[in-house]
Amino acid sequence: MQTAKDMKAEQRDELFHALRARFEKNMNRHKGLEWAKVQARLEANPEKLRPLHEMEQTGGEPDVVGYDHKTGEYIFYDCSSESPQGRRSVCYDREGLESRKEHKPGNSALDMAAAMGIELLTEGQYRELQELGNFDTKTSSWVKTPAEMRKLGGALFCDRRYNHVFVYHNGAESYYAARGFRGSLRV
């Protein structure tokens, strides 16, 4: 994976262009926020460009969904209509991946998110995202699973069907072509 220092000026410009275009097209996701301030924050925190670039490259379509007044951070979520294409067919975590006897996927959601420098959405964040539009109407996304549930072997995922957000459970070792994960990043 690239670091922010490895990104060429052209890649940074393309990333800023994509983020700005998405920001301006979806103002309902961030009412009252200004792109110029978001860009200034990004430029002041260049280490956050690589995770955003990874979110973009894997099909996440990251966009600003909030602002933390206490920390001054902008909050980005993956806002692709379906679970990001480049992050599907993964188990929930390393333990789930290693427990598979055969047909192991190439990665796990938690490992992939950590390598990208992002966090999996929690169930609450996933529900917040669904207030901004209709996401995962054909796919599903792993969400951060409480430790006590994970100790029992399970993991949570969510989707939207019948105009309702559903939370389900599965074994952490399971994976499906239509299940990936969505991430968040604070800048």
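Bear in mind the structure is a predicted one, so any value in this text is a computation, not a measurement.

Engineer: So what exactly am I meant to see when it comes to the pattern of salt bridges here?
Structural biologist: Where side chains of opposite charge bring their charged atoms close, a pairing between them can arise. Scanning all chains against the criterion turns up 13 salt bridges. Linking Glu 56 and Arg 22 is a salt bridge whose minimum nitrogen-to-oxygen distance equals 2.9 Å. Of this pair, Glu 56 sits in helix α3 (residues 49–57) while Arg 22 sits in helix α1 (residues 9–25), placing them 34 residues apart in sequence. Exposure remark for Glu 56: the relative accessible area of 21% places this residue in the partly exposed category. When its relative accessible area of 12% is taken as the criterion, Arg 22 is described as buried. Asp 111 is the partner of Arg 94 in a salt bridge, and the nearest nitrogen-oxygen pair spans 2.7 Å.

Engineer: Looking at this structure, I do not really get the environment of Ala 44. What am I missing?
Structural biologist: As for its position among the elements, Ala 44 is in helix α2 (residues 35–44). Between the alpha carbons of Ala 44 and Asp 78 there is a distance of 22 Å; along the sequence they are 34 residues apart.

Engineer: I tried to follow the environment of Gly 66 on my own but got confused; where do I start?
Structural biologist: Relative to the helices and strands, Gly 66 is located in strand β1 (residues 62–68). The exposure class of Gly 66 is buried, given its relative accessible area of 15%. Along the primary structure Gly 66 and Val 38 are separated by 28 residues, whereas in three dimensions their C-alpha atoms are 11 Å apart. Beyond its immediate stretch of four places on either side in the chain, Gly 66 contacts Leu 33, Glu 73, Tyr 74 and Ile 75.

Engineer: Could you clarify how one ought to interpret the sheet that holds strand β4 (residues 140–143) in this entry?
Structural biologist: Across a sheet, strands are paired by hydrogen bonds formed along the backbone, either parallel or antiparallel in direction. Strand order in the open sheet formed by 4 strands is β6-β5-β4-β7, and the pairing between neighbours is mixed. Strand pairing shows two members of the sheet lacking a second neighbour, β6 (164–171) and β7 (179–181), which therefore form its edges. For this sheet, the mean angle separating the axes of adjacent strands, direction not counted, is 35°. By the bridge criterion, 8 bridges tie strand β5 (residues 154–161) to β6 in an arrangement that is antiparallel. In the strand pairing of β6, Gly 154 is matched with Gly 171.

Engineer: What am I meant to see in α1 here?
Structural biologist: Each α-helix turn comprises 3.6 residues. Residues three or four places apart therefore point the same way. If you check α1, its first and last C-alpha atoms are 24 Å apart, about what 17 residues at 1.5 Å a residue would give, namely 24 Å. Leu 15, Phe 16, Ala 18, Leu 19, Arg 22 and Phe 23 are the residues of α1 that are buried. An end-on view of α1 places all buried positions within 165° of arc, on one side of the element. Counted as exposed and oriented over 90 degrees from the buried face of α1: Glu 10, Asp 13, His 17 and Lys 25. In this structure, the buried side of α1 is in contact with α2, α3, β1 and β2 (73–78).

Engineer: I tried to follow the pairing of β2 on my own but got confused; where do I start?
Structural biologist: The side chains of a regular strand alternate, first on one face of the sheet and then on the other. The buried count for β2 comes to 6 of 6 residues, which makes it a mostly enclosed element. Where burial is concerned, the two faces of β2 agree: the one with Glu 73, Ile 75 and Tyr 77 and the one with Tyr 74, Phe 76 and Asp 78 are both buried. Note: β1 against β2, 6 bridges, orientation antiparallel. The partner of Val 64 across the bridge, within β2, is Phe 76. Taken together, β1 and the strand that follows it, β2, pair antiparallel across an intervening segment of 4 residues, in which Gly 72 is found at a positive phi of about 75°. Relative to strand β8 (residues 183–186), β2 is paired through 3 bridges, and the arrangement is antiparallel.

So, how was this worked out
- Residues numbered from 1 in each chain as written.
- Predicted model: local features only at pLDDT ≥ 70, side-chain atom pairs only at ≥ 80, totals over all residues.
- Heavy atoms only, no water.
- Salt bridge = Lys/Arg side-chain N within 4 Å of Asp/Glu carboxyl O.
- Helix = DSSP H or I, 4+ residues; strand = E, 2+ residues; numbered from the N terminus.
- Buried < 20%, exposed > 50% of the residue type's maximum accessible area, 1.4 Å probe, protein only.
- Contact = heavy atoms within 4.5 Å.
- Pairing = 2+ DSSP bridges.
- Axes fitted to C-alpha atoms, helices over the stretch in contact; angles between N-to-C directions.
- Expected span 1.5 Å × (residues − 1).
- Arc of directions from axis to C-beta.

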